[in-house]
Amino acid sequence: MGAVQSIVNQAAFPRPPRSFSESDLLRRSDLVWLKTSRGQQLPAIYRRLSLPGAPTPRFTVIYSHGNAEDVGLSLEYIDFVSRVLEVDVLSYEYIGYSVADGEPSETGVYESAQAAWDFLGTRCGLEPASIVLFGRSLGSAPTIHLASRQADVAGCILQSPLASGVRVLSGVGASLLLKPFDPFQNYAKVGRVMCPTVIMHGMDDDVVPFWNGQSLHDALERRGLAFEPLWVSGRGHNNMPEQQCLAHAKRFLNALPPPPPPLRTPSIASTER
């Protein structure tokens, strides 16, 4: 089983070369370093909204990027999300991606997401009710994983989410036959999500077929947790209309109840590696 899992891991994580974004990432002034439960270090961008005269953001978003991407390649998008949604954004790296320690794996993705959550709670003093989770594509897996474990999180945004690794490629029947080797079983975890959730998906997506997002939405809708979805006709996986998606995400944020005042002013204990 270990050899099979190794093959699955190699196929599941086509990460960009480190050199593609290393210099841009490491020179950001809002770069912080996270540490997983096993001591592995991960870079993250903590983009604070600091426009003159701007109100204090209601929410902080934990952004989980897609596959074949990394935080360094997502810098412009992170800034865009912060401006349009009027939120602070913590975008973290996965183990084995970019300049992070280790080799990528499903477990590593979840441990990385937990490190981001712990950073906002323990080091920055944020309450769960002020945190919104946002995952795109592969990033839907750590997002749903966190949402299934953190009952008090404010909300969840999923763009082009997968039902599971095998379901993306071969459908439901194959995923049941190959369940021990099926990574990122969002279809199983979504039943434990307790927060309002919005899903956006291109109806012509040939990478993560549209029915993946629709099935997750249906599961949430049966439990009264689904916000109005955004199904975009004529769009696929990598050409979703950013302005339209973020406008819909902002409507979702505006519909959430306001979070309670923080117990203390958010701060960062240390940004040094």
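Per an unreviewed UniProt entry, the chain is named Peptidase S9 prolyl oligopeptidase catalytic domain-containing protein, and its organism is Diacronema lutheri.

Counting secondary structure elements, the chain contains 10 helices and 8 strands. In the chain, buried positions account for 56% of the 273 residues. Taking the intrachain contacts of the chain between residues at least 6 apart in sequence as the baseline, contacts between residues at least 24 apart amount to 73%.

Moving on, we come to the state of the cysteines. In total, this model carries 0 disulfides according to the counting rule given. Of the cysteine sulfurs around C156, a residue in no disulfide, the closest is that of C195, at 5.0 Å.

The end-to-end C-alpha distance of helix α10 (residues 242-255) is 20 Å, a good match for the 20 Å that 14 residues give at a rise of 1.5 Å each. Those residues of α10 that sit buried are C245, L246, H248, A249, F252 and L253. Summarising the axial view, the buried residues of α10 lie within an arc of 155 degrees, below the 170-degree limit, and thus occupy one face. Along α10, the residues that are exposed and aim more than 90 degrees away from the buried face are Q243, N254 and A255. Looking at the buried side of α10, the elements it contacts are α3 (75-85), β5 (131-136), β6 (155-159), β7 (197-202) and β8 (230-232).

Moving on to the packing of aromatic side chains. Counted by the stated rule, this structure contains 8 aromatic pairs. Between Y46 and F119 the ring centres are 5.6 Å apart and the planes differ by 90 degrees, which places this aromatic pair in the edge-to-face class. Of this pair, Y46 sits in strand β2 (residues 41-47) while F119 sits in helix α4 (residues 106-123), and the two are 73 residues apart along the sequence. No difference in accessibility class separates Y46 from F119, as the two residues are buried. Ring pairs connect the aromatic residues Y63, Y77 and F134, which therefore count as one cluster.

The angle between the axes and the distance between the axes are what describe a pair of packed helices. Contact pair α3 / α10: the axes reach a minimum separation of 10 Å and the direction vectors enclose 45 degrees. What the angle tells us is that α3 and α10 run oblique. Read as a crossing pair, α3 and α10 show a hand that is right-handed. Contacts between α3 and α10 involve Y77, F80, V81, V84 and L85 on the former and, on the latter, E242, Q243, L246, A249, K250 and L253. Here the contact of α3 with α10 is composed, by residue class, of 8 nonpolar, 1 polar and 2 charged.

Rules of the game
Residues numbered from 1 in each chain as written. Predicted model: local features only at pLDDT ≥ 70, side-chain atom pairs only at ≥ 80, totals over all residues. Heavy atoms only, no water. Helix = DSSP H or I, 4+ residues; strand = E, 2+ residues; numbered from the N terminus. Buried < 20%, exposed > 50% of the residue type's maximum accessible area, 1.4 Å probe, protein only. Contact = heavy atoms within 4.5 Å. Disulfide = S-S within 2.5 Å. Expected span 1.5 Å × (residues − 1). Arc of directions from axis to C-beta. Phe/Tyr/Trp six-rings, centres within 6.5 Å; stacked < 30°, edge-to-face > 60°. Axes fitted to C-alpha atoms, helices over the stretch in contact; angles between N-to-C directions. Parallel < 35°, antiparallel > 145°, perpendicular 65-115°, else oblique. Left-handed = near helix turned anticlockwise from the far one by under 90°. Nonpolar A, V, L, I, M, F, W, Y, C, P; charged D, E, K, R; others polar.

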